Amino acid sequence: MSNVKYKRFFQWPHARKRWREEMGEELAFHREQLIRELLLKGMPDLQATAEADRRLGNIDNFHNRVDRMAVMQQMREWLTDLFNDLLFAGRLLNRTRTYTCVALITLGLGIGANFAVFNLFNEVVLQALPYPESDRLVRVWPEKNLSIEMAEDIASANIGLETFASYSATNFTVKQNQLNKQVLGAHVRHSFFKTLGVDSIYGRTFTEQDSHPGAMPVLVVSFEYWRNQLGARQSAIGELLHVNGTARQVVGVMPRDHHSLYPDWQLWVPYEIDSLSDAYNHNLFLAGIGRLSAETDQQAVQTAFRTFLQAYRVDKSTTLDSTDINMARVHSLRDHLLGDSGQTLNALMFAVLLVMLVAVANVANLTVARVLARHREFAVRRTIGCNNQRLARQLLAEQLLLGLLASLISILFMLGLSSLFADQLIEYFPNFRAFSILFSDLLYIAGVTFLVSMGLGLTSLAVARGALALEVLHSQSGGNTVKSNRINQGLLIGQTAFSLLLVVIAGLMAKSFWQLSSVDPGFAQQQRLSLRIHTPSSLLTDSSQGEAYYQQLLTRVRALPGVQAADIITYLPLTSGDIGVYYQTPGMQLADGHRGSITGVRVVSEGYFQTMGIQLLQGRDFKQSDTRDSQPVAIINAALLSELPQQNMLGRSLLWDTGGEWALVIGVVSDVKQHQLSLTAKPETYLYYPQGIWTGSMDMVIKTSLPIASITAAVHDTINDSHPDALITRVARLEDVVADSIQFRRFLAMLFMGFAVMTGLLVMTGVYAMTAQLIVRRRFEMGIRIAVGASSASLIYRWSLKMLKPVVLGVLIGTVCSAFVARLLAHLLYQVPVLDMLVYGLAATLFCVAALLAILIPSLQIPGLKARDLLVGQ
Amino acid sequence: MSRSNLVQGTLDLMVLQALAAGPLHGYAIVKWIKSRTDDYLQVEEGALYPALYRMSRKKWLDSELGLSENNRKAKFYRLTVKGRSQLSHQTDAWIRYTSAVNKVLAATVGRA
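The structure displayed is predicted, hence computed values, not measured ones. (Residues numbered from 1 in each chain as written. Chains lettered and ligands numbered in written order. Predicted model: local features only at pLDDT ≥ 70, side-chain atom pairs only at ≥ 80, totals over all residues.)

Visitor: Lay out the overall build of chain B in plain terms, naming residues and giving numbers.
Guide: Per the secondary structure count, chain B includes 4 helices and 3 strands. For chain B, the α and β elements follow one another from N to C terminus as α-β-α-α-β-β-α. Within chain B, buried positions represent 23% of all 112 residues. By sequence separation, contacts in chain B at least 24 residues apart represent 53% of the contacts at least 6 residues apart. (Helix = DSSP H or I, 4+ residues; strand = E, 2+ residues; numbered from the N terminus. Buried ≥ 20, exposed ≤ 12 C-beta atoms within 10 Å, placed from the backbone. Contact = placed C-beta atoms within 7 Å.)

Right under this line is the structure:
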């Protein structure tokens, strides 16, 4: 297509208008002539006009027909030209295979990494809440759990919510075909699905009647559960399922791919409202969500919610903390669910963007060299009549083909990544299910490829402009060297800065991970096995039966060969799960309706501290003589002790706001990292299991002198034998439990390190290639210098300094940028300052040394240059 | 003589031939074909103008505005070098085609 055709294509609407006008005039002339002819033949005036109109027909039809024809022809010409250009580009790329392979791999990795993270971002962030008008969904009071009573009061209060619901995630034990299975799900308020805005595909969701005491127990199942466990039968609606020992009727099936907040939830059970049990109504175990009404916003609802809480405190005579009320929030549900994942993914998106920029800059550098090598071809083509636009189009087509091939490689790369990391990603990002290539992903990759191709194409054009001049034929150095050098150096500065930025961030993350992995969790990890036992549901109704069961189980496990100790706890440190209660001490002054402070509560067996290597700082451990009938006793941790006014708590009492008797503090133990290694220990209270709260499940820790693997099977068998309904999950060495708790940070640090190494190698390859290419270009000049007496050493020295300049400049720019970016990622760092001089210094030194090596290696050929040989060669 | 529609694919050839002698506007092309065929062939305007447009796009024809015999502004078409070569090519093809068809018809008549 010539220049004129390009213009015509882009100016098509204007040309079309002009053509229509011309044709209108032409047809008017034709009509006039025809009428004139008919009149001359003697036809009456009116009849002649009618005949002319009949023959010409509707003028619009002419226009439309011509328009259609023009568009088709235009498209055909355009596609033919594009195909020819791509074919020619393919032949050229095939001729320079080394360039093509390096460029394709570099771009493929760059785009592929980008594509993979975008895919993840799309799945985790953009698809986080697949509900209608999900922006209106909010999390009510995310810092606190609610009681049923409070949830009902919020639901009936007018705080600007269209609907309100609450839920509590639960692990249900479902008995099917005489087998017990653990199924994740939630206890929910009847308005749960309505709040999310989803309906069942079969049956119904919950109604208010389902929540009343005495109503028929019901449940709703996920599509996946219905398909996999209930045989995808519509008749499953109405059938009974035994959930936690209660027969519940299946009343509804949720749609495919619907996940109510968490993708692994499979069952939903309505919790009872107005239960007769006060403890049940007042227990703080629910999370609140709501849907904003159309005419309000989040801020207004938050204000109304705080006002509601003030009134609630007065009405219900509760001891809600005024600080809590003033800090109570109504938060976007999307942000709440994403938590750190969103910010982490933003960081990853940023990292892969840098990887891609470095990859593109690298390929651009190669492209500059390639275009310069073709300067004679361009000049000759121009001389024989090829215009600038034609050459420009050809260069753009080459880069477009390169981009297209690279995008195919990137898809393969992404699929490879998916098979390698899918399991880990599912674990780290709860919303993530699998890598999948959707239309939006293809659109994204097409956009990225187009931008990359155009960027490379325009770089080629900028360099080629110098080569298009005729006088270039007489140039020794080839092409516009000053301009291409500038482009080369600019690209090198950019890549160095981007790459250093990634290296610094990776360094900070690696150091942060190293700091974290050396944190003492406060308990011994070696030679210890942990597993979670789901207490048989039949034992939950009577705590004495549960106590007897665990007593007998512990005795049997402790008697196994190689087992040195075995103990239980409600929630093992660094695993999910927690119970928190308000406590008071005798004589504690509770100002302003203060309800007391919060402590975590864990129920343990006697000897747990010894088995875990937790130090007993004061007092004594639990004893078997502490029974359910004797004085309730408690052991507190050092963090709780430090919060109390009395520094000697032994023999003093604590009272929980759930009621009951005062518990006597009998000991103080050292702090344990219960929640995260990065967090300081929180106040904890340990209760003895015969006197404690039953949660339905217990973690068991077994200390052994034998290899862990050798006792696992025996422990398994013993627990399975202990009760027909006993169920074991989460079997792991205690070391692995600790390692798993920081696995995400390790993964993130490794990912950043991987990106940093990748870009670092690209930059060094770029430096090497650029040096080698410049030496080739200036070998004549250097040969002359050597011939007239310059020493090789001084030449190499000057040469290296000159080449190192853009790298040093890039390092400086990269260091400044790193300081800014690291500030944004501070939340991912643990005990590492944002401006960690060691990391910054190491990264900069590493870069400069590597760049020097990349410059020196090709420079070693300088002493071998001889002017006479070069002159003969010329 | 009754009027007949054009044989498919012959319009381009006739338009090119009409313009071989010199520039003509659309109406004159219709008249030229009509007179040369003794009113036997009638070119439909609905086919002529799209064909003129198509041939212009293919660079067979060039056009410019001029004055008609009755001093009206009209668009005159003329053959380009490419159009002339196309005419020669199409004429050869047509002659070969019609002579072949004639031979077939002659043979058929002989056998009958």
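Visitor: I'd love a proper account of the overall build of chain A, names of residues and values included.
Guide: The helix and strand inventory of chain A stands at 27 helices and 21 strands. Across the 874 residues in chain A, those meeting the buried criterion constitute 38%. Summarising the internal contacts of chain A: among those between residues at least 6 apart in sequence, 82% fall at separations of at least 24.

Visitor: Tell me what's going on with the environment of B:Asp62, and back it up with residues and numbers.
Guide: Here B:Asp62 shows up in strand E2 (residues 61-67). Considered as a pair, B:Asp62 and B:Leu52 are 10 residues apart in the sequence and their alpha carbons are 9.7 Å apart.

Visitor: Any chance you could break down the nonpolar core for me, citing the residues and the numbers?
Guide: The nonpolar side chains of soluble globular proteins are, as a tendency, buried together. Residue and element names in this part refer to chain A. Counting residues in each nonpolar core, the largest one holds 100 residues, and the members touching the most others are Leu502, Val504, Ile505, Ala506, Met509 and Phe752. Of all the elements in the fold, those that place two or more residues in this core are helix H5 (97-126), helix H13 (340-373), helix H15 (388-428), helix H16 (439-467), helix H17 (481-517), helix H23 (743-777), helix H25 (792-824) and helix H26 (837-859). With 20 residues, H13 is the largest single contributor of residues to this core. Dropping the residues within four chain positions of it, Val504 is found in contact with Ser818, Ala822, Val839, Tyr840 and Ala843. By size, the runner-up hydrophobic cluster in this structure holds 54 residues, among which are Leu146, Phe164, Ala186 and Trp226. (Core = buried A, V, L, I, M, F, W, Y, C linked by C-beta atoms within 7 Å.)

Visitor: Got a sec to walk through the packing of helix H1 (residues 11-20) of chain B against helix H2 (residues 26-36) of chain B? Specific residues and values, please.
Guide: Residues and elements named next belong to chain B. Look at H1 against H2: their axes get within 10 Å of each other, and the N-to-C directions meet at 100°. On the basis of their axis angle, the class for H1 and H2 is roughly perpendicular. Counting all contacts with H1, which are made through Met14, Val15 and Ala18, the residues of H2 involved are Ile29, Trp32 and Ile33. Looking at the contact of H1 with H2 residue by residue, the class counts come to 6 nonpolar, no polar and no charged. (Axes fitted to C-alpha atoms, helices over the stretch in contact; angles between N-to-C directions. Parallel < 35°, antiparallel > 145°, perpendicular 65-115°, else oblique. Nonpolar A, V, L, I, M, F, W, Y, C, P; charged D, E, K, R; others polar.)

Visitor: Would you mind going over the environment of A:Pro132 in detail, with residue names and values included?
Guide: By the secondary structure assignment, A:Pro132 is in the loop between H5 and strand E1 (137-140). Taking the C-alpha atoms as reference points, A:Pro132 and A:Leu196, 64 residues apart in sequence, are found 7.8 Å from one another.

Visitor: Break down H1(B) for me, citing the residues and quoting the values.
Guide: Those residues of H1(B) lying buried are B:Leu11, B:Met14, B:Val15, B:Leu16, B:Ala18 and B:Leu19. Trailing H1(B) by a residue or two, B:Gly22 shows a phi angle of about 160°, which is positive.

Visitor: Go over the pairing of strand E16 (residues 633-637) of chain A with me, naming the residues and quoting the values.
Guide: Residues and elements named next belong to chain A. In terms of burial, E16 is a largely internal element, 5 of the 5 residues being buried. Side-chain alternation along E16 places Val633, Ile635 and Asn637 on one buried face and Ala634 and Ile636 on a second face that is also buried. Relative to strand E18 (residues 663-669), E16 is paired through 5 bridges, and the arrangement is parallel. Residue pairing in the sheet places Val633 in a bridge with Leu664 of E18. The pairing of E16 with strand E19 (residues 684-688) spans 3 bridges and is classified as antiparallel. Bridge pairing in E19 links Ile635 to Tyr686. (Pairing = 2+ DSSP bridges.)

Visitor: Lay out the packing of H2(B) against helix H3 (residues 45-57) of chain B with the relevant residues and their values.
Guide: Residue and element names in this part refer to chain B. H3 packs onto H2 with a crossing angle of 115° between their chain directions and a minimal axis gap of 11 Å. In terms of crossing hand, the pair formed by H2 and H3 is right-handed. Side by side, H2 and H3 meet where Gly26, Ile29 and Val30 of the first sit next to Leu48, Tyr49 and Leu52 of the second. Taken together, the residues of the contact of H2 with H3 break down into 5 nonpolar, 1 polar and no charged. (Left-handed = near helix turned anticlockwise from the far one by under 90°.)

Visitor: Could you give an account of the interface of chain A and chain B, with specific residues and numbers?
Guide: Residue-level contacts link 15 residues of chain A with 12 residues of chain B. If you list the elements that add at least two residues to the side of chain A that touches chain B, you get helix H2 (12-40), helix H3 (45-56) and helix H4 (59-95) of chain A. Among the elements that make up the side of chain A that touches chain B, the one with the highest residue count is H2(A) (7 residues). Its residues assigned to classes, the side of chain A that touches chain B shows 6 nonpolar, 4 polar and 5 charged.

Visitor: Could you give an account of the sheet that holds E2(B), naming the residues involved and the relevant values?
Guide: Remark on secondary structure: sheet strands pair via backbone hydrogen bonds, oriented parallel or antiparallel. All names here are of chain B. Spatial ordering of the open sheet is given by E1-E3-E2, a layout of 3 strands whose pairing is antiparallel. At either end of the open sheet lies a strand with only one pairing partner, and these are strand E1 (24-25) and E2. Looking at chain direction, E1 and strand E3 (residues 73-79) are connected through 2 bridges and run antiparallel. From the neighbouring strand, His25 faces E3, where its bridge partner is Phe76. Taken strand by strand, H1 contacts E1, E2 and E3, and its axis lies near 100° from that of E3.

Visitor: With reference to specific residues and values, describe unusual backbone geometry.
Guide: Non-glycine residue A:Gln527 carries a positive phi angle of around 55°. Structurally, the position occupied by A:Gln527 is in the loop between H17 and strand E11 (528-534). A positive phi angle is found at B:Asp38, which is not glycine, with a value near 50°. The residue B:Asp38 is located in the loop between H2 and H3 in this model. According to the C-beta neighbour criterion, B:Asp38 is exposed, with 8 such atoms within 10 Å.

Visitor: Any chance you could break down the confidence of the model for chain B for me, citing the residues and the numbers?
Guide: Mean pLDDT over chain B works out to 84, with 88% of the residues at or above the 70 mark. Our summary of model confidence lists the complex with pTM equal to 0.65 and ipTM equal to 0.85. (pLDDT = per-residue confidence, 0-100.)

Visitor: Go over the confidence of the model for chain A with me, naming the residues and quoting the values.
Guide: Residue and element names in this part refer to chain A. Taken residue by residue, chain A gives an average pLDDT of 81. The fraction at 70 or more is 86%. Model confidence for chain A, summarised as mean pLDDT per element, is weakest for helix H1 (residues 3-10) at 48 and strongest for strand E5 (residues 218-221) at 93. Taken together, the stretch residues 1-6 has pLDDT below 50 and engages in 8 contacts with residues farther than four places along the chain or on a different chain.

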